[in-house]
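Reading the structure
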Amino acid sequence: QEMEDKVISPEKAEEAKLKARYPHLGQKPGGSDFLRKRLQKGQKYFDSGDYNMAKAKMKNKQLPAAAPDKTEVTGDHIPTPQDLPQRKPSLVASKLAG
Amino acid sequence: AGAGGGNDIQWCFSQVKGAVDDDVAEADIISTVEFNHSGELLATGDKGGRVVIFQQEQENKTQSHSRGEYNVYSTFQSHEPEFDYLKSLEIEEKINKIRWLPQKNAAQFLLSTNDKTIKLWKISERDKRPEGYNLKEEDGRYRDPTTVTTLRVPVFRPMDLMVEASPRRIFANAHTYHINSISINSDYETYLSADDLRINLWHLEITDRSFNIVDIKPANMEELTEVITAAEFHPNSCSTFVYSSSKGTIRLCDMRASALCDRHSKLFEEPEDPSNRSFFSEIISSISDVKFSHSGRYMMTRDYLSVKIWDLNMENRPVETYQVHEYLRSKLCSLYENDCIFDKFECCWNGLDIVMTGSYNNFFRMFDRNSKRDVTLEASRENNKPRTVLKPRKVCASGKRKKDEISVDSLDFNKKILHTAWHPKENIIAVATTNNLYIFQDKMN
């Protein structure tokens, strides 16, 4: 229908482009999904659902030892503080002060 | 041609700080820039949690053609990365905001904040030290008391200037969500901190409690429709503050009205034509910064494409709207895909009649409210001859590109100027690119 308009606002044209690429894009744009993702920033490792699923899988097995390689810690094994990659503070001075 | 911004201020390159290399370490990404109240000090914060403070040289009477340069005064690690084990939440050390306290004594104080914790830092100078102790040698070793035959009075002797930064207060554990703003009250005793859903009021002396003054968290998070994006105290009225939202509204609240200011005193919102609404409308209307004018009569907001000036006496629409980069409206699809549409640009005043904000391609824009003229300038090392006037830039939106114009498709969207600051008293501006800090001044004759 928009093609029949003589003058399509650039914004609506961009919207049509986006919908063409991602037809299943959320019905509520700029709404809860965006905001909740924003509020969850920093939550990288696991959530309680992930944790409970992993725990359920572990019921009949031993807890695995911490994986030797520090890949992304989610899902199959329960992370411990030792597993999590340590984020050291910068020891290097800012280059602005150089 | 050659439209000047701001009473035809001619901006010249003055200095640039930071590494030249293109390979930018994440820690070096500048996240905030702020002059202190006198303009003598300029602070920057970065993603690595470090603060660097520059001090303006005393004006050299013989060098009347330029104002003092800014040199490194102090640098310290303000925040460090943390991990909240209870919530599995990584807490970045990135400094979101720095705000200076007005100077009350010889020391300088500033507040710096990351996502969760605000710290009050004291920056003090030491330029003399006591010498001539009776019981200690100069190197600190204790003297054998039996060798002490006379008494002397220790005296202070000059030493090389040492600038020390020490954390005097740590304001922690008051924010569940990520702090986006701090603002010091005009009473100079209290300040506010705002996260996505709540605003807290603190007393600068008290760290173990704060008052929650705004709470927009819905009982059911499924009903969440907007978040707080910025907040600021009124410059003169100590009971008044404003906060902006992701839906493009600004609420003014008066703390005298009630303890919890969930009901606003004023709501500033520009009506939108529903027929123009698109998927992007709400995202680009989200306000990324709000700043009062020095008088407090006006406030400025920045959304993705524009800067708006509001008169506090008129809630139903802004008094002025300035387009920062309207040519991006026809690029919203790709800006959404590369996440640039979520970039949070700040804005600043010269106090009264000129406003400045950043854009892409290391461009920044100035709007003169009086003459209605605007200018686009570039922060680039190519223009780094002191006292050479910066050449205005122009982006060609479509059609035939003139010489010296840049087409929209050639813009580098990785070169964003999100943070700028204007000296409180003089025409000196600080502009932060990704990892460099540029200082520009007006050409003095």
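One can find the structure itself at the top, above this paragraph.
First things first, this report covers the structure right here in the doc. (Residues numbered from 1 in each chain as written. Chains lettered and ligands numbered in written order. Predicted model: local features only at pLDDT ≥ 70, side-chain atom pairs only at ≥ 80, totals over all residues. Heavy atoms only, no water.)

Moving on to the sheet that holds strand β21 (residues 298–302) of chain B. Residues and elements named next belong to chain B. Strand order in the open sheet made by the 4 strands is β20-β21-β22-β23, with antiparallel pairing throughout. In the strand order of this sheet, the two ends are held by β20 (289–292) and β23 (320–323), each with one partner. Here the average twist between neighbouring strands, direction ignored, is 15 degrees. Sheet topology places β21 next to strand β22 (residues 306–311); 5 bridges connect them, and they run antiparallel. (Pairing = 2+ DSSP bridges. Helix = DSSP H or I, 4+ residues; strand = E, 2+ residues; numbered from the N terminus. Axes fitted to C-alpha atoms, helices over the stretch in contact; angles between N-to-C directions.)

Right, let's get into the nonpolar core. Counting residues in hydrophobic clusters, the biggest one holds 23 residues, and the most contacted among them are Tyr-304, Leu-328, Leu-335, Tyr-336 and Ile-341 of chain B. Broken down by secondary-structure element, the contributors of at least two residues to this core are α1 (281–285) and α2 (332–337) of chain B. Top contributing element to this core by residue count: α2 of chain B, with 4 residues. Filtering out sequence-adjacent residues up to four positions away, Tyr-336 of chain B remains in contact with Leu-18, Leu-25 and Phe-34 of chain A together with Phe-279, Phe-280, Ile-283, Ile-341 and Phe-342 of chain B. By size, the runner-up hydrophobic cluster in this structure holds 18 residues, among which are Trp-11, Cys-348, Leu-377 and Ile-417 of chain B. (Core = buried A, V, L, I, M, F, W, Y, C linked by side-chain atoms within 4.5 Å. Buried < 20%, exposed > 50% of the residue type's maximum accessible area, 1.4 Å probe, protein only. Contact = heavy atoms within 4.5 Å.)

This paragraph deals with the environment of Arg-21 of chain A. With respect to the helices and strands, the residue Arg-21 of chain A is situated in helix α1 (residues 10–21). Residue class for Arg-21 of chain A comes out partly exposed when judged on its relative accessible area of 45%. Along the primary structure Arg-21 of chain A and Glu-11 of chain A are separated by 10 residues, whereas in three dimensions their C-alpha atoms are 16 Å apart. With residues up to four places along the chain from it excluded, the contact list for Arg-21 of chain A reads Cys-333 and Glu-337 of chain B.

Before going further, it helps to spend a moment on the interface of chain B and chain A. Across the boundary between the two partners, chain B contributes 62 residues, which contact 39 residues of chain A. Across the chain B to chain A interface the summed buried area is about 4300 Å²; carbon plus sulfur atoms make up 57%. A per-residue breakdown of the area chain B buries against chain A is headed by Glu-90, Phe-279 and Cys-333 of chain B, which together make up 16% of the total. Taken together, the connections running from chain B to chain A amount to 12 residue pairs in polar contact (both at pLDDT 80 or more). Elements supplying a minimum of two residues to the side of chain B that touches chain A: β3 (41–46), β4 (50–56), β5 (70–77), β7 (89–91), β16 (228–233), α1 and α2 of chain B. Element by element, the count of residues in the side of chain B that touches chain A is highest for α2 of chain B, at 5 residues. Classifying every residue of the side of chain B that touches chain A gives 25 nonpolar, 18 polar and 19 charged. (Buried area = accessible area lost by both parts, 1.4 Å probe. Polar contact = N/O pair within 3.5 Å; in protein donor to acceptor, adjacent residues only side chain to side chain. Nonpolar A, V, L, I, M, F, W, Y, C, P; charged D, E, K, R; others polar.)

A separate point is the packing of aromatic side chains. Residue and element names in this part refer to chain B. A complete count under the given rule lists 20 aromatic pairs over all chains for this structure. Here the aromatic rings of Phe-279 and Phe-280 are separated by 5.5 Å at their centres, their planes lie at 85 degrees, and the arrangement is edge-to-face. Note on Phe-279: relative accessible area 4%, which makes it buried. Plain terms: the ring middles of Phe-280 and Tyr-336 are 6.3 Å apart, the flat faces sit at 65 degrees to each other, and that makes the pair edge-to-face. Of this pair, Phe-280 sits in the loop between β19 (266–268) and α1 while Tyr-336 sits in helix α2, and the two are 56 residues apart along the sequence. (Phe/Tyr/Trp six-rings, centres within 6.5 Å; stacked < 30°, edge-to-face > 60°.)

Residues and elements named next belong to chain B. Of the voids in this model, the second largest pocket is the one considered here, and its volume is about 880 Å³. For the second largest pocket, the lining is made up of 31 residues, of which Glu-34, His-37, Arg-99, Glu-232 and His-294 are closest to its centre. Of all the secondary-structure elements, those providing two or more residues to the lining of the second largest pocket are β2 (30–35), β8 (97–100), β12 (181–184), β16, β20, β24 (347–349) and β30 (419–422). Element by element, the count of residues in the lining of the second largest pocket is highest for β2, at 4 residues. Here the lining of the second largest pocket is built from residues that sort into 14 nonpolar, 11 polar and 6 charged. (1 Å grid on protein atoms, 1.4 Å probe; cavity = no way out; pocket = protein on both sides within 12 Å on 5 of 7 lines; lining within 4 Å. Points joined across faces, edges and corners; volume = space filled by probe spheres on them.)

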